[in-house]
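In case you want the letters, here they are:
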Amino acid sequence: MHSIGITRIWENELMRFVRFSTRGRRLKQVATVLMAVSLPAFLSVANTLSGQTRYDLLLKGGHVIDGKNNINAIRDLAITGGKISALAPNIDPSLARKVVDVSGLWVTPGLIDIHEHVYTYVAQQSSQADDQGFTPDGFAFRAGVTTVVDAGSSGWRTFEDFKTRVIDRSRTRVLALLNIVGWGKRGDKYVQDLDDMDAKPTSEMILKHKGVVIGIKCADFKGPEWKSYEQAVEAGRIADVPVMIDFGANRTERPLYDLLTRVLRPGDIYTHVYWGLMGEQDEQTGGPSKALIEGRKRGVIFDVGHGNGVFSFSLAVPLMKVGFVPDSFSTDVHLNSSTNMNAAMNDILEVMSEFLAMGMPLDSVIMRATWNPAKEIKHQELGNLSAGSPADVAVLRLENGKFSFVDRRRASLDGTQRLVCELTIRDGKVVYDMKGIARER
Ligand SMILES: [Zn+2]
């Protein structure tokens, strides 16, 4: 408050100087032009000249949803040095180097997608660690996503190659779940290989890159053995990170109930929760199975992992109706052009819009793509707009109209609202602005 007061006094003095002291013709002309441009712009220039500019960027007048800080209101958001610096009902625009009018739009923390496949350029044809992976920068920012977790495309044998090729070169923040299979998702021959599922080298690689590697992934395993899941949990115990499970196949030898009540720990993540083929639904009631109910009681996390063949409205709609809602959304997006990105789901905004269509309130939807996944991957500096947090921000428009959404069974669901991205900011820099809302008019 003190420094704002000084700024205002200084501004008043400057105005007096302009009004009464500019005898020289040239200075008078400059003052006239500045006044004509508008008073705020003039004060902003004045503040910049005097070193009083406090903020690099000010998003003005947006409706902010920040689940961590329990904010759901019109707020101005200021960014300085790549960090969130202020969130308040009315921040003086003359204190900002750049002001963007975001009135009528929704301002949220940068979205976090904890299940994507972004490891590409390795030699194995048709694997998710190759020609189904995609470069994150081309797809993340346009959906308001600033943090992507690659879910098991690499294992301990291939992670450092993935890091060099993709993680270190991307503007998107890319984190990883290591596959419990040493060679990662190279293709079916590799992911079924029990001899390549080893907690020791997996945990060693995690500890070497802790923070970037945030956990372990089991995926696509079809056999009757528990080894894949048990080795993953063991690696998770050694490295103190969660595991994420894609259950692969419904086997009577290793039922979902045992996975969720015995094998997994609180904080471990069960993805593809609305798959519909793993015993998720109680046949009598149509609601969640005992496995899901008991798993949630124990603190197992349930994630959407929408993907192409692993999400069914016929399961999601009845479970949502009785309150079995997911803890986080994720897309499982990969370049399987016939069944995924060109047929089942575009991006996380579409997944979020589907849950709006199923009746989830907007603030709950935002929470599941921001603060909840940040906690799940133990990156609590992300997914919120607290002062000092990295300035990762999404500015979204909520469109009203007639929309429809599709699932793995080629069913569709009608909706009346859809989220679209207007502006994405990563570490304080505008990285997506296709309509130029942050540009000079
Ligand atoms: Zn996946």
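None of the values given here were measured: they were computed from a predicted structure.

Trainee: What is the right way to look at the overall build of the protein chain in this model?
Mentor: A count of helical and extended segments in the protein chain gives 13 helices and 15 strands. Relative to its 441 residues, the protein chain shows a buried fraction of 50%. A separation threshold of at least 6 residues defines the contact pool for the protein chain, and within that pool the share at least 24 residues apart is 74%.

Trainee: Help me understand helix α11 (residues 348-357), please; the structure alone is not making it clear to me.
Mentor: Every α-helix winds through 3.6 residues per turn, so residues three or four apart in the chain are directed the same way. In terms of burial, α11 is largely enclosed, as 9 of its 10 residues are buried. Of all the residues in α11, the buried ones are Ile348, Leu349, Glu350, Val351, Met352, Ser353, Glu354, Phe355 and Leu356. Tucked inside the fold, the buried residues of α11 contact β6 (111-116), β7 (145-155), α12 (362-367), β13 (393-406) and β14 (412-426). Following α11 by one or two positions, Gly359 adopts a phi angle in the positive range, close to 100°.

Trainee: Help me understand the environment of Asp332, please; the structure alone is not making it clear to me.
Mentor: By secondary structure assignment, the location of Asp332 is in the loop between α10 (313-321) and α11. Look at Asp332 and you get buried, because 28 C-beta atoms sit within 10 Å. When the C-alpha atoms of Asp332 and Gly305 are compared, they prove to be 5.1 Å apart, with 27 residues separating the residues in sequence. Residue contacts for Asp332: discarding those within four places in its chain leaves His115, Gly305, His306, Gly307 and Val310.

Trainee: Explain the packing of helix α6 (residues 199-208) against helix α7 (residues 227-239) to me, please; I cannot follow it from the model alone.
Mentor: Helix-helix packing: each pair is described by the crossing angle between the helix axes and the interaxial distance. Across the interface, α6 lies against α7 with an axial gap of 9 Å and an inter-helix angle of 40°. It follows from the interaxial angle that α6 and α7 lie oblique. For the element pair α6 and α7, the recorded crossing hand is right-handed. Two secondary-structure elements touch here, α6 through Ala199, Thr202, Ser203, Ile206 and Leu207 and α7 through Gln231, Glu234, Ala235, Ile238 and Ala239. Along the lines of polarity and charge, the residues of the contact of α6 with α7 split into 6 nonpolar, 3 polar and 1 charged.

Trainee: Would you mind going over the environment of Lys402 with me for this structure?
Mentor: Relative to the helices and strands, Lys402 is located in strand β13. C-beta crowding within 10 Å serves as the criterion here: with 8 such atoms nearby, Lys402 is assigned to the exposed category.

Trainee: Help me understand the pairing of strand β3 (residues 83-88), please; the structure alone is not making it clear to me.
Mentor: Remember that side chains alternate between the two faces of the sheet whenever the strand is regular. Relative to β3, strand β2 (residues 71-80) is paired through 5 bridges, and the arrangement is antiparallel. Directly across from Asp76, in β3, lies its bridge partner Ala88. Hairpin remark: β2 followed by β3, antiparallel, with 2 residues in the connecting loop; positive phi at Gly81, about 60°.

Trainee: Help me out: how do you make sense of unusual backbone geometry in this one?
Mentor: One non-glycine residue, Asp220, lies in positive phi territory at about 70°. With respect to the element layout, Asp220 can be found in the loop between β9 (213-218) and α7. On the neighbour-count criterion, Asp220 (20 C-beta atoms within 10 Å) is buried. Its identity is not glycine, yet Asp427 carries a phi of approximately 50°, on the positive side. By secondary structure assignment, the location of Asp427 is in the loop between β14 and β15 (429-432).

Trainee: Could you clarify how one ought to interpret the sheet that holds strand β11 (residues 269-270) in this entry?
Mentor: In space, the 7 strands of this open sheet follow the order β6-β7-β8-β9-β10-β11-β12, with parallel pairing throughout. Edge positions in the sheet fall to β6 and β12 (301-302), since each of these pairs with one other strand and no more. Pairing analysis gives 4 bridges linking β6 to β7, with the strands arranged parallel. By the bridge assignment for β7, Ile112 is matched with Thr147.

Trainee: For this particular structure, what's the right way to read the pairing of β7?
Mentor: Among the 11 residues in β7, 11 count as buried, and that is most of the element. Bridging between β7 and strand β8 (residues 173-179) involves 6 bridges; their strand directions are parallel. Bridge pairing in β8 places Val149 opposite Leu175. Remark: the β7/helix α4 (residues 159-165)/β8 crossover connection has right-handed handedness.

Trainee: Help me understand the confidence of the model for the protein chain in this model?
Mentor: Where the model shows low pLDDT, its predicted coordinates should not be examined in detail. Per-chain confidence: the protein chain averages 88 in pLDDT, with 84% of residues scoring 70 or above. Across residues 1-18 the pLDDT falls below 50, and counting only partners more than four positions away or on other chains, this stretch makes 8 contacts in the model. Contacts of residues 30-37 to residues separated by more than four positions or lying in other chains number 6 contacts, the stretch itself having pLDDT below 50.

Trainee: Can you walk me through the environment of Ala369 in this structure?
Mentor: Tracing the backbone through its elements, the reader meets Ala369 in the loop between α12 and α13 (371-376). Note on Ala369: 32 C-beta atoms within 10 Å, which makes it buried. When the C-alpha positions of Ala369 and Ser330 are compared, they lie 7.6 Å apart, and in sequence the two are 39 residues distant. Ignoring anything within four residues of it in the chain, the contact list for Ala369 reads Leu111, Ile112, Phe329, Ile348 and Met352.

Trainee: Even after reading the chapter, I still don't get the packing of helix α8 (residues 256-263) against helix α9 (residues 290-298), so can you show me in this structure?
Mentor: One can describe the packing of α8 onto α9 by two numbers: an axis separation of 8 Å at closest approach and a directional angle of 10°. In terms of axis orientation, α8 runs roughly parallel to α9. When the axes of α8 and α9 are compared, the crossing they make is left-handed. Residues Leu256, Tyr257, Leu260 and Thr261 of α8 form the contact with α9, whose own contacting residues are Lys290, Ala291, Glu294, Gly295 and Arg298. Of the residues belonging to the contact of α8 with α9, the class tally is 4 nonpolar, 2 polar and 3 charged.

Quick notes on the rules
Residue indices follow the written sequence of each chain, beginning from 1 at its first position. This being a predicted model, a pLDDT of at least 70 is required before a residue's local features are given, and a value of 80 or more before pairs of side-chain atoms are given or counted; all residues contribute to the totals for chains, interfaces and linings. For the purposes of this entry, the term helix denotes a DSSP run of H or I that reaches at least four residues, the term strand denotes a run of E that reaches at least two, and both are numbered from the N terminus. Between the buried cut of 20 or more and the exposed cut of 12 or fewer other C-beta atoms within 10 Å of a residue's own C-beta lies the partly exposed class, and all C-beta atoms are placed from the backbone. C-beta atoms are first placed from the backbone for all residues, and any pair lying within 7 Å is then listed as a contact. Orientation is described by axes fitted as lines to C-alpha atoms, over the contacting stretch for helices, and by angles from 0 to 180 degrees between their N-to-C directions. Throughout, the term roughly parallel applies to angles under 35 degrees, roughly antiparallel to angles over 145, roughly perpendicular to angles from 65 to 115, and oblique to all others. Left-handed describes a crossing whose near helix is turned anticlockwise from the far helix through less than a right angle; right-handed describes the clockwise counterpart. Each residue receives one of three labels: charged for Asp, Glu, Lys and Arg, nonpolar for Ala, Val, Leu, Ile, Met, Phe, Trp, Tyr, Cys and Pro, and polar for the others, Gly being one of them. Two strands form a pair only when DSSP identifies at least two bridges running between them. Note on handedness: a clockwise path from strand one over the helix to strand two, with the strands aimed away from the viewer, defines a right-handed crossover. Values of pLDDT, the confidence the predictor places in each residue, fall between 0 and 100.

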